[in-house]
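Structural description and commentary
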Amino acid sequence: MQRDGEVNGRLLQRISETVQAGKTNSETDIPRGSKGKPGVVELVQEALASGLSGERILDEALLAGMRSLGSKFAANEVFIPEVLIAARAMQAGFVELKDCFSGGEMPTRGVFVIGTVQGDLHDIGKNLVAIILEGAGWEIKDLGTDCAPEVFLEALGQYPGCVVGLSALLTTTMVAMRDTVRMIRERSPSTVVLVGGAPVNAEFATEIGANGYAPDPSAAVGLLDELLP
Amino acid sequence: MRTGKLEQWLSQPPRGCEETSAEFVLDSQDVARALGYARGSVDDISAHVSDVVATMEAEAQSLIRPRWLWKPFRGMFKGDCCIVNGSTPLVVGDQIMAQLKNATAVVVYVVTIGEALERTVQERMYGGDNVGGYVLDVIGSVAVESFADRLQELIAGEVSEFGLKTTNRFSPGYCSWPTSGQQELFSVLPEAPAGVDLNASSLMIPIKSVSGIIGVGANVVFQQYPCELCSLRGCHQRLA
């Protein structure tokens, strides 16, 4: 019995490491030279066949892999491309687990509504945050770019209890960010709102009434863990 | 003699340039640095990411359409304003004004790599290739900055013939020069310079564009570490 536990523990650890390496399945050659070796897909299938629950595989292997990579990102040991590659491998693992959950719906930390504020068309930063938060177990609702405050208010009605993330890359659109937070507060004072983007900082976030400022996608994961443990 | 040449240079009409991407070479070290690899060394990049970068650099060659348009103006300075074209105030702020105060002329410029690359980034990101889309976006940013550097070199070369030097490039949105300053900046150039337009929030379309000013004078200084002029401490592009 204990031996089974050790074997399963090693398998979960191996999946976590394979997520971090970004190896989706045996067909891919990521990392280079790994073609033919099992990837996340095959290892998750093996874990399910050995009786491990979907919940454990999800939390102790897939999400654990992304958490570990997030720490390495914060320590400048890996960079955004590696995180994106790992997120793709993790998504492939998600697909294998869908049958484990009722209606094929994965359990999530909650809904994270994200958008670039009105007047701003930049969306790469927003997209990165969305990808990495999805990797941390959040269900993402991406509203796109140039979103008027009303678009966020509509999402509040559509996804009760959601967290809202606002992105701005221009100094001019920080004004739109301020207006959006104000209107969210008027409609739903308890909604958690995070802000990010090059011209924004923690002081500005506090000043406009946001709950927090995330300088990068990894920090957004940590901030949400703090605010909504 | 030199004064006469300078006057002639200042009176020239706006000058444009359009290149094919074949004439344009990206610096892989710059791309590595912009992707976050702090040492800017391609050796730090994993083999797979390296492959993606190489593929995207090759794809970018057919997507980059470099264009620029620029015009020199006699510089007049008052408070935190640089006045160009006789009466158009560019409210650049104290930090930039400290660099411009000794300038005798100011070049106003717009540089772009066009919109094809941006469209492909969107297609890749929304088509499921986040890695390729992200890398291509970063390559686009490096390309437009690199093209702007080339314009700076061209201008520095021309004014050196009059015994003059150039400052760094300064753009609205940096160093407390509000992004809304784009409106005044664009007003002294022909309509849609280099094919670049502004939207209501003063964002340039295509997005991969750079606009700004360069000071010219005998006693101006080019800062090797321009990030020291900026108060945006948390900027991921910060070099110092």
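Report on the accompanying structure. (Residues numbered from 1 in each chain as written. Chains lettered and ligands numbered in written order. Predicted model: local features only at pLDDT ≥ 70, side-chain atom pairs only at ≥ 80, totals over all residues. Heavy atoms only, no water.)

In this section: the overall build of chain B. Tallying secondary structure elements over chain B gives seven helices and 10 strands in all. In chain B, which comprises 240 residues, the proportion classed as buried is 51%. Sequence separation of at least 24 residues holds for 74% of the intrachain contacts in chain B that already meet a minimum separation of 6. Split by element, the accessible area of chain B, about 10800 Å² in all, is 51% carbon and sulfur. (Helix = DSSP H or I, 4+ residues; strand = E, 2+ residues; numbered from the N terminus. Buried < 20%, exposed > 50% of the residue type's maximum accessible area, 1.4 Å probe, protein only. Contact = heavy atoms within 4.5 Å. Areas by Shrake-Rupley, 256 points an atom, 1.4 Å probe, with all protein chains shown as cover.)

The next subject is unusual backbone geometry. Leave glycine aside and you will find that most residues have negative phi; peptide bonds, for their part, are mostly trans. In this chain, A:Ile30 is followed by A:Pro31 through a cis amide linkage whose omega measures -10°. Tracing the sequence through the fold places A:Pro31 in the loop between α1 (2–21) and α2 (40–49). The peptide bond linking B:Ile205 to B:Pro206 adopts the cis configuration, its omega dihedral lying at 0°. With respect to the helices and strands, the residue B:Pro206 is situated in the loop between β9 (204–205) and β10 (209–217). One non-glycine residue, B:Ala192, lies in positive phi territory at about 45°. Within the element layout of this structure, B:Ala192 appears in the loop between α7 (182–187) and β8 (197–198). You can call B:Ala192 partly exposed: its relative accessible area is 31%.

Next up on the list: the interface of chain A and chain B. Listed by partner, the interface residues are 26 residues for chain A and 28 residues for chain B. Roughly 2300 Å² is buried in total at the junction of chain A and chain B, and carbon and sulfur atoms are behind 66% of that figure. Counting the contacts that link chain A with chain B gives one salt bridge. In this structure, the connection of chain A to chain B is made through one residue pair in polar contact (both at pLDDT 80 or more). Mapped by element, the contributors of at least two residues to the side of chain A that touches chain B are α4 (80–97) and α5 (124–135) of chain A. For the side of chain A that touches chain B, the leading source of residues is α4(A), giving six residues. Split by residue class, the side of chain A that touches chain B holds 13 nonpolar, six polar and seven charged. (Buried area = accessible area lost by both parts, 1.4 Å probe. Salt bridge = Lys/Arg side-chain N within 4 Å of Asp/Glu carboxyl O. Polar contact = N/O pair within 3.5 Å; in protein donor to acceptor, adjacent residues only side chain to side chain. Nonpolar A, V, L, I, M, F, W, Y, C, P; charged D, E, K, R; others polar.)

Turning our attention to the sheet that holds strand β5 (residues 212–213) of chain A. Residue and element names in this part refer to chain A. Strand order in the open sheet formed by five strands is β2-β1-β3-β4-β5, with parallel pairing between adjacent strands. Two strands lie at the open edges of the sheet, namely β2 (139–147) and β5, each paired on one side alone. Seen against the sheet, α5 touches β1 (111–117), β2 and β3 (163–167) and runs at an angle of roughly 175° to β2. (Pairing = 2+ DSSP bridges. Axes fitted to C-alpha atoms, helices over the stretch in contact; angles between N-to-C directions.)

Glancing now at the packing of aromatic side chains. Residues and elements named next belong to chain B. Enumeration according to the criterion identifies four aromatic pairs over all chains in this entry. Among the aromatic side chains, those forming a connected cluster through ring pairs are Trp9, Trp70 and Phe162. Positioned above the aromatic ring of Phe73, the side-chain terminus of Lys71 is 5.1 Å from the ring centre. (Phe/Tyr/Trp six-rings, centres within 6.5 Å; stacked < 30°, edge-to-face > 60°. Lys NZ or Arg CZ within 6 Å of the ring centre and 35° of its normal.)

A:Ile15, A:Ile57, A:Leu62, A:Phe112, A:Leu133 and B:Trp9 are the most contacted members of the largest nonpolar core, which totals 98 residues. What A:Phe112 contacts, discounting residues up to four positions off in sequence, is A:Leu133, A:Trp138, A:Glu139, A:Ile140, A:Lys141, A:Val163, A:Val164, A:Gly165, A:Leu194 and A:Leu224. A:Val111, A:Val181, A:Ile184 and A:Ala205 belong to the second-largest nonpolar core, a separate cluster that totals 25 residues. (Core = buried A, V, L, I, M, F, W, Y, C linked by side-chain atoms within 4.5 Å.)

Here A:Asn127 lies in helix α5. Of note is the side chain of A:Asn127, whose polar atom sits 2.7 Å from the side chain of A:Lys126. Aside from chain neighbours lying at most four places away, what touches A:Asn127 is A:Asp142, B:Met125 and B:Tyr126.

This part covers the environment of A:Thr206. All names here are of chain A. Mapped onto the elements of the fold, Thr206 is located in helix α8 (residues 202–207). On the accessibility criterion, Thr206 (60% relative accessible area) is exposed. With 66 residues separating them in the primary sequence, Thr206 and Ile140 have C-alpha atoms 24 Å apart.

Residues and elements named next belong to chain A. Among the residues of helix α9 (residues 217–227), those classed as buried are Pro217, Ser218, Ala220, Val221, Leu223 and Leu224. For α9, the elements touching its buried residues are α3 (54–74), β1, α5, β3, β4 (193–196) and β5. Between the side-chain oxygen at the start of α9 and the backbone nitrogen of Ser218 there is a gap of 3.0 Å, and the oxygen is on Asp216.

The side chains of a regular strand alternate between the sheet's two faces. Residues and elements named next belong to chain B. Extensive coverage of strand β6 (residues 105–112) is indicated by the burial of eight of its eight residues. Residues Ala105, Val107, Tyr109 and Val111 of β6 are buried on one face, and the alternating residues Val106, Val108, Val110 and Thr112, pointing to the opposite face, are buried as well. Looking at chain direction, β6 and β10 are connected through eight bridges and run antiparallel. Note on β10: the bridge partner recorded for Val111 is Val210.

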